[in-house]
Amino acid sequence: MTGLKKKILWFLVFMFAVLPIMAQKPKIADVFKLMPDSLMPYLSKNNRLDMIDFMEAKMKAEVTNMLEGTTVMTALTEDSLSVNMNERLRFDMRLTMLDSLVVEVAKTYIISEHQEEKVVQYFSTAWCPLSEPVAVTSSLSRRDEDVFAKPHF
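These numbers were taken from a predicted model, which means no experiment stands behind them.

Asks: Can you walk me through the overall build of the protein chain in this structure?
Replies: Counting its regular elements, the protein chain contains four helices and seven strands. Listed N to C, the secondary structure of the protein chain is α-α-α-β-β-β-β-β-β-β-α in terms of helices and strands. Put simply, the protein chain has 153 residues, and 30% of those count as buried. Once local pairs closer than 6 in sequence are excluded, the contacts in the protein chain between residues at least 24 apart make up 26%.

Asks: Explain the pairing of strand β3 (residues 80–86) here, please?
Replies: Along any regular strand, the residues point their side chains to alternate faces of the sheet. As defined by bridge partners, strand β2 (residues 70–76) adjoins β3 across four bridges and the pair is classed as antiparallel. Looking at β3, one finds that V72 is bridged to N84. Hairpin remark: β2 followed by β3, antiparallel, with three residues in the connecting loop. Summarising the sheet, β3 and strand β4 (residues 89–97) pair through six bridges and their orientation is antiparallel. Opposite N86, over in β4, you have L89 as the bridge partner. The turn linking β3 back onto β4 is made up of two residues.

Asks: Even after reading the chapter, I still don't get the nonpolar core, so can you show me in this structure?
Replies: Soluble globular proteins tend to pack their nonpolar side chains together in the buried interior. Counting 27 residues, the largest nonpolar core has F32, M73, V83, M93 and W127 as its most contacted members. Contributions of two or more residues to this core are made by α2 (28–33), α3 (45–56), β1 (61–64), β3, β4 and β5 (101–112).

Asks: What should I look at first to understand α3 in this one?
Replies: Structurally, the α-helix is built with 3.6 residues per turn, so residues lying three or four positions apart point the same way. An ideal rise of 1.5 Å per residue puts 16 Å on 12 residues; α3 measures up with 17 Å between its terminal C-alpha atoms. Here the buried face of α3 lies against α2, β1, β2 and β3. Where α3 terminates, the next one or two residues include K58, which has phi positive at roughly 60 degrees.

Asks: Would you take a moment to explain the side chain of S44 for this structure?
Replies: Its place among the elements puts S44 in the loop between α2 and α3. Only 3.1 Å separates the side chain of S44 from the backbone nitrogen of N47, close enough to count as a polar contact.

Asks: Can you help me understand the packing of aromatic side chains in this one?
Replies: Two measures describe an aromatic ring pair: the distance that separates the ring centres and the angle between the ring planes. If you walk through the whole model with that rule in mind, you get one aromatic pair. Ring centres 5.2 Å apart and planes at 55 degrees place the aromatic pair F123 and W127 in the tilted group. Judged by its relative accessible area of 5%, F123 falls in the buried class. Taking the relative accessible area as the measure of exposure, W127 reaches 9% and is therefore buried. It is R48 that lies over the ring of F32; its NZ or CZ is 6.0 Å from the centre.

Asks: Before we go on, may I ask you to explain the side chain of D92 in this structure?
Replies: Its place among the elements puts D92 in strand β4. Residues within four places of D92 in sequence aside, it is in contact with L81, S82, E104, V105, A106 and T108.

The rules we used
- Residues numbered from 1 in each chain as written.
- Predicted model: local features only at pLDDT ≥ 70, side-chain atom pairs only at ≥ 80, totals over all residues.
- Heavy atoms only, no water.
- Helix = DSSP H or I, 4+ residues; strand = E, 2+ residues; numbered from the N terminus.
- Buried < 20%, exposed > 50% of the residue type's maximum accessible area, 1.4 Å probe, protein only.
- Contact = heavy atoms within 4.5 Å.
- Pairing = 2+ DSSP bridges.
- Core = buried A, V, L, I, M, F, W, Y, C linked by side-chain atoms within 4.5 Å.
- Expected span 1.5 Å × (residues − 1).
- Polar contact = N/O pair within 3.5 Å; in protein donor to acceptor, adjacent residues only side chain to side chain.
- Phe/Tyr/Trp six-rings, centres within 6.5 Å; stacked < 30°, edge-to-face > 60°.
- Lys NZ or Arg CZ within 6 Å of the ring centre and 35° of its normal.

Structure representation (structure tokens):
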């Protein structure tokens, strides 16, 4: 065999070995479609499918949820998404590699303009819980921290 034929053969062997591995990693849109309704109780599966379709069509991904409010998907990539459920709740998801591929779900409750609380939970890609929800401490804006640091007398 000539050198060029060997290179082509090794390239083909490599591609056939790597392509199945790459094809196994799901996209966040596929995981979002299969998400249990209990994680977003007032957003139906059809609402989720519509938002994905709107984002892929480069349209505003806005739907009317079951509470007659507006829910908007603000970001969608291959491994993450963000949904504003309403003006006080943001739902973020991302695929991340820990011991295996897991889904990180973060619900951010917006308390005020300067304060929010985030609750994070991890799931397998088949939506089996891997952890209990963990509340991340409330965040205060830098301005509030400065006010609290000043002496009051």
